[in-house]
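Okay, here's what each chain looks like letter by letter:
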Amino acid sequence: MALGYRFNNAKTRTPLRATVLVTVVVLILALFTPLGVLAESTSAVMLAVFFVVNLALIRLKLAKVAAPQGAFLVPIAVPIAGALSCVVLLAGAFLLGA
């Protein structure tokens, strides 16, 4: 078992150190960053995360990894469209300076 697991909550199995670290970072950003900048940054980060998730789904589809029993299945066009839309939205925000 990895060393970091000993810092997980025994009941919920959530990583305690990571939860505290993220809470502190969010608190600091919320206190010292203007709301507009924080909102734009959050939007960009969320689009980047969705882009990476869609890339992972594409990779799983191409590798023909079997989905777990009862999983929601979509054609490969869905994560491709999701990844492309994230890139377009990120590029548009960057090019328009939003």
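Use the structure listed above.
First, a word on what this report is: a plain description of the structure on this page. Because the structure is a prediction, the values reported are computed rather than measured.

Quick notes on helix H2 (residues 35-62)
Inference 1: With 28 residues, H2 ought to run about 40 Å at 1.5 Å a step, and its terminal C-alpha atoms sit 41 Å apart, in line with that.
Inference 2: Listed in full, the buried residues belonging to H2 are Leu47, Asn54 and Ile58.
Inference 3: Where H2 is buried, its residues meet helix H3 (77-96).
Inference 4: Among the residues trailing H2, Lys64 stands out with phi positive, at a value near 55°.

Description of a nonpolar patch on the surface
Inference 1: Taken together, the side chains of Val20, Val24, Leu27, Ile28, Leu31 and Phe32 define a hydrophobic patch exposed on the protein surface, amounting to about 630 Å² of accessible area.
Inference 2: Examined against the element boundaries, Ile28 turns out to sit in helix H1 (residues 16-32).
Inference 3: Exposure remark for Ile28: the relative accessible area of 45% places this residue in the partly exposed category.

Considering the packing of H2 against H3
Inference 1: Put simply, H2 and H3 touch, their axes get as near as 8 Å, and they point 155° apart. Taken together, H2 and H3 sit at an angle that is classed as roughly antiparallel. In terms of crossing hand, the pair formed by H2 and H3 is left-handed. Contacts between H2 and H3 involve Ala44, Leu47, Ala48, Phe50, Phe51, Asn54, Leu57 and Ile58 from the former and Pro79, Ile80, Gly82, Ala83, Cys86, Val87, Leu89 and Leu90 from the latter.

Definitions and cut-offs
Position numbers for residues start from 1 in each chain and track the written sequence from start to end. Reporting in this predicted model follows two pLDDT cut-offs: at least 70 for local features of residues, and 80 or more for side-chain atom pairs to be given and counted; totals over whole chains, interfaces and linings ignore these cut-offs and use all residues. Calculation of side-chain values draws on the structure's entire complement of heavy atoms; hydrogens and water are dropped beforehand. Each helix corresponds to a stretch of at least 4 residues labelled H or I by DSSP, and each strand to a stretch of at least 2 residues labelled E; elements are numbered beginning at the N terminus. By this rule, a helix spans an expected 1.5 Å times one less than how many residues it contains. The rule is simple: take the accessible area with a 1.4 Å probe, protein chains only, and divide by the maximum for that residue type; under 20% is buried, over 50% is exposed, in between is partly exposed. Note on contacts: a residue pair qualifies if any of its non-hydrogen atoms lie within 4.5 Å across the two residues. Residues qualify for a patch when their relative accessible area is over 30% and they have no salt bridge, like charges being joined within 9 Å and the nonpolar side chains of Val, Leu, Ile, Met, Phe, Trp and Tyr within 5 Å. Residue burial considers only the protein chains on display, and all accessible areas are found by Shrake-Rupley using a 1.4 Å probe. The term salt bridge refers to a pairing of a side-chain nitrogen on Lys or Arg with a carboxyl oxygen on Asp or Glu at a separation within 4 Å. Whenever a helix is involved, its axis is fitted only over the stretch in contact; in every case the axis is a line through C-alpha atoms, and angles between N-to-C directions fall within 0 to 180 degrees. Under this scheme an angle from 65 to 115 degrees is roughly perpendicular, one under 35 degrees roughly parallel, and one over 145 degrees roughly antiparallel; angles in between are oblique. Left-handed is the label given to a crossing in which the near helix is rotated counterclockwise from the far helix by less than a right angle, and right-handed is the label when the rotation is clockwise.

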